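Letter by letter, the chains look like this.
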Amino acid sequence: HALVRCYLYNDICVKSIRHFFTSAKFLIYMGHALSTWGDRMWNFAVAVFLVELYGNSLLLTAVYGLVVAGSVLLLGANIGNWVDRNPRLKVAQTSLLVQNSCVITCGVLLMLVFHFKAQLVELYNGWILTVCYILVISIANVANLASTATSITIQRDWVVVVAGQDSSSLADMNATVRIIDQLTNILAPMLVGQIMAFGSHFVGCGFISGWNLASMCVEYGLLWKVYQKTPALALKAGHKEPQHELKSTTSSHSCSLLWSSTARLRKTDCENGQSPEESSQPLMPLRTFRAGWVAYYKQDIFLAGMSLAFLYMTVLGFDCITTGFAYTQGLNGSILSLLMGASAISGICGTVAFTWIRKKCGLIRTGFISGTAQLCCLLLCVFSVFAPGSPFDLSVSPFQDLYAHLMGEQSLPEAEHSLGAAFSTLQSYMSVSLLFAGVIAARVGLWSFDLTVTQLIQENVIESERGVINGVQNSMNYLLDLLHFIMVILAPNPEAFGLLVIISVSFVAMGHAMYFRFAFKSLGSRLFLCCSPEQKAETDASPPTTV
């Protein structure tokens, strides 16, 4: 009997393990891991590439960020509308192919630029090299737009459908996806950083291009498998009656607004003797843009979404600006990759904290606690501005470097000469250490807060508007991101970076103030209770929505 029980137990374990590794959830995790691995390698490397090509200035990285942010700002609602109006599988596969193809093209182009840079600088007074910069930024921008579509359809739509109506399952899937993000933040930059440090930038570009080519084929097959295992993905609520999909009064109002706008457009088209497709085609992107932003404003979670967007108005993140600044302060690609790994570990801690705090205190209180923790950690960054070794000096004109390049008073700088000067004049690492200590510690609260707002949007936006609302949310994020790149363009020199740090912390504080208003409006004085009676009832019943 003992042998029979042991055999049955082993058989059950094997079946359970097999079921997990063939489930739609695991396949989504695998596809997301491959996708984010390529994204993290590219996002880390492109900042280093641009600084290396243009010298000791953040100007080119800021222009790249400006173009990316402006494109998503203008096209976010239309991308979301495209996601809503087309079959899920078509959207996911198309965005995957476009994104990876553009990254591969950029990698090959950068390889050519690195290999022939000396000749390109002398050819037509450097104009050919400038054209190469424009091509790299433009193609990378298209890749980012495709990545935005992928993020909306997989992380904001497919995950919700696979999780079903279980709020706890949705929270677990969101947390797992975010942990995958952080793990790839540890491993991917470390790998490509070591390749660039011990190999060359040319080799780094080739490796990234080859990875994206292989990953694209595997991800394409994984998407098809998930689609087959989840029949609900074949059904979209876009053609259902709006009142059957509502979760709140404001969602009903925004949905009816979109439907009434569509009806008016069709009526006008018929009166003019034209079909709706013929007459509204040129102006449809503008109408979609306006309708999407109006619907977003009418949502219950408007203030929560705005609070998340305000966190993007910062230079205190591991984007191309912070990476470029650290590069000018004497930190090479290997050290930067290790710092990004530490940041990812901190983010994983924030993800784990999110799941624990949510179960104890509820979703809305989790955002309030996370925001407070993030703001306290960012005070270290403010202290770093005035610490020994800080390059902060407002007496240096922030326009000097920009004016010199525009007026042709000097040739395009070489990174080797500028970086050598940075290493020779560096006296203390105290300032940069405090800066990155604050940034890394703040990731705990940041990622927990991000997960909170993400799930609030997932649970309170109806399925037929999920793409548009998330597209507008991305636009809001990039609008504030755009402002921070404009700040850097106006003050690209490292001496003005301290001022940008102070402004960034101020915007983070304003964002959390808006979330506090949303949370207090939703819970009132119960916001300050660790676990209210309503939250205990929610834990026992586990309804699909969390308040």
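Please refer to the structure higher up on the page.
As the structure is a prediction and not an experimental result, all values here were calculated from the model. Residue numbers restart at each chain and count upward from 1, following the sequence in its written direction. Predicted model: local features are reported for residues with pLDDT of at least 70 only, side-chain atom pairs are reported and counted for 80 or more only, and whole-chain, interface and lining totals are derived from all residues. Computation of side-chain values: all heavy atoms of the structure, hydrogens and water removed.

**A closer look at the overall build of the chain**
Selection criterion: By definition, any uninterrupted DSSP run of H or I lasting at least four residues is a helix, any uninterrupted run of E lasting at least two residues is a strand, and each is numbered from the N terminus. Throughout this description, buried means an accessible area under 20% of the type-specific maximum (1.4 Å probe, protein chains only), exposed means over 50%, and partly exposed covers the range between. Only heavy atoms enter the contact rule, under which two residues are in contact if any of them lie within 4.5 Å. Where accessible areas are quoted, they stem from the Shrake-Rupley method and a 1.4 Å probe; at the residue level, only the protein chains shown are allowed to cover.
Secondary structure assignment for the chain yields 22 helices and zero strands. The buried share of the chain, reckoned over its 547 residues, is 54%. Of all intrachain contacts in the chain linking residues separated by at least 6 positions in sequence, the fraction that spans at least 24 positions is 86%. By element, 67% of the accessible surface of the chain is carried by carbon and sulfur atoms, the whole surface being about 24400 Å².

**Description of helix α12 (residues 302-310)**
α12 sits mainly inside the fold: nine of its nine residues count as buried. Those residues of α12 not exposed but buried are Phe-302, Leu-303, Ala-304, Gly-305, Met-306, Ser-307, Leu-308, Ala-309 and Phe-310. Among the structural elements, α11 (284-297), α19 (430-460), α20 (466-490) and α21 (497-523) are those in contact with the buried residues of α12.

**Regarding the environment of Gly-38**
Summarising the element assignment, Gly-38 is placed in helix α2 (residues 24-54). In sequence terms Gly-38 and Ser-215 are 177 residues apart; their C-alpha atoms lie 7.8 Å from each other. Residues within four places of Gly-38 in sequence aside, it is in contact with Trp-211 and Asn-212.

**Notes on the nonpolar core**
The line we're drawing: Each nonpolar core is a collection of buried residues, namely Ala, Val, Leu, Ile, Met, Phe, Trp, Tyr and Cys, held together in the definition by side-chain atoms within 4.5 Å. Each domain's extent was defined by an automatic or database domain assignment.
Core analysis: the biggest nonpolar cluster contains 114 residues, and Trp-42, Leu-316 and Tyr-515 have the highest contact counts within it. A domain-level breakdown of this core finds at least three residues from each of domain 1 (1-232) and domain 2 (295-407 + 428-531). Within the second largest apolar cluster, 23 residues are counted, among which are Ala-24, Leu-27, Ile-154 and Val-161.

**Remarks on the packing of aromatic side chains**
The following threshold applies: Pairing of aromatic rings covers Phe, Tyr and Trp, the last counted by its six-membered ring, and requires centre-to-centre distances within 6.5 Å; plane angles under 30 degrees mean stacked, over 60 mean edge-to-face, and any other angle means tilted.
All told, the structure shown has 15 aromatic pairs when counted by the stated rule. With a centroid separation of 6.4 Å and 40 degrees between ring planes, the pair formed by Trp-158 and Tyr-227 is classed as tilted. In this pair, Trp-158 is assigned in helix α6 (residues 127-163) and Tyr-227 in helix α8 (residues 201-229), connecting sequence segments 69 residues apart. An aromatic cluster is built from Phe-368, Phe-516, Phe-520 and Phe-528, whose rings are joined through pairwise contacts.

**Remarks on a nonpolar patch on the surface**
Note the threshold: Only residues whose relative accessible area exceeds 30% and that take part in no salt bridge are eligible for patches, with like-charged residues grouped when within 9 Å of each other and nonpolar side chains (Val, Leu, Ile, Met, Phe, Trp, Tyr) grouped when within 5 Å. Salt bridge, as applied in this entry: a Lys or Arg side-chain nitrogen positioned within 4 Å of an Asp or Glu carboxyl oxygen.
A contiguous nonpolar surface patch, about 300 Å² in accessible area, is contributed by Ile-17, Phe-20 and Phe-21. Within the secondary structure layout, Phe-20 lies in helix α1 (residues 2-21).

**Considering the pattern of salt bridges**
Throughout the structure, instances matching the rule amount to six salt bridges. Salt-bridge contacts for Asp-181 lead to Arg-178; the nearest nitrogen and oxygen are separated by 3.4 Å. Taken as a pair, Asp-181 and Arg-178 lie in helix α7 (residues 167-198) at a separation of three residues, close to a single helical turn. Accessibility expressed as a relative area gives 4% for Asp-181, which makes it buried. The buried category is assigned to Arg-178, whose relative accessible area is 4%. With its nearest N and O atoms 2.2 Å apart, the salt bridge here joins Arg-178 to Asp-450. Note that Arg-178 is positioned in helix α7 and Asp-450 in helix α19, a separation of 272 residues in sequence. Here Arg-178 matches Asp-450 in class, with each residue buried.

**So, the packing of α7 against helix α14 (residues 333-361)**
This is how it is decided: Only the contacting stretch of a helix is used when fitting its axis, a line to C-alpha atoms as for every element, and angles between N-to-C directions run 0 to 180 degrees. Roughly parallel refers to an angle under 35 degrees, roughly antiparallel to one over 145, roughly perpendicular to one between 65 and 115, and oblique to any angle outside these ranges.
At a minimum axis distance of 8 Å, the contact between α7 and α14 shows a crossing angle of 170 degrees. Relative to α14, the element α7 is oriented roughly antiparallel.

**Observations regarding the state of the cysteines**
Stated formally: Two cysteine sulfur atoms make up a disulfide if the distance between them is within 2.5 Å.
Summed over all chains, the structure comprises zero disulfides. Left without a disulfide partner, Cys-106 is nearest to the cysteine sulfur of Cys-102, which lies 7.1 Å away. Cys-106 gets classed as buried once you look at its relative accessible area, which sits at 1%.

**What about the side chain of Thr-314?**
Residue position: Thr-314 is located in the loop between α12 and α13 (320-328). The class of Thr-314 is buried, set by a relative accessible area of 12%. Among all residues touching Thr-314, those that are not within four sequence positions of it are Asp-319, His-484 and Ser-504.

**Concerning the environment of Asp-157**
The criterion, for reference: Here a polar contact is recorded for every N or O atom pair within 3.5 Å, except that within protein the pair must consist of a potential hydrogen donor and a potential acceptor, and residues adjacent in sequence are included only if both atoms are side-chain atoms.
Structurally, the position occupied by Asp-157 is in helix α6. In this structure Asp-157 comes out as buried when scored by relative accessible area, which is 6%. With 306 residues separating them in the primary sequence, Asp-157 and Glu-463 have C-alpha atoms 8.0 Å apart. Once you skip the residues sitting within four places of it in the chain, Asp-157 turns out to touch Arg-88, Ile-152 and Arg-466. One polar contact links Asp-157 to Arg-88, side chain to side chain, over a distance of 2.7 Å.

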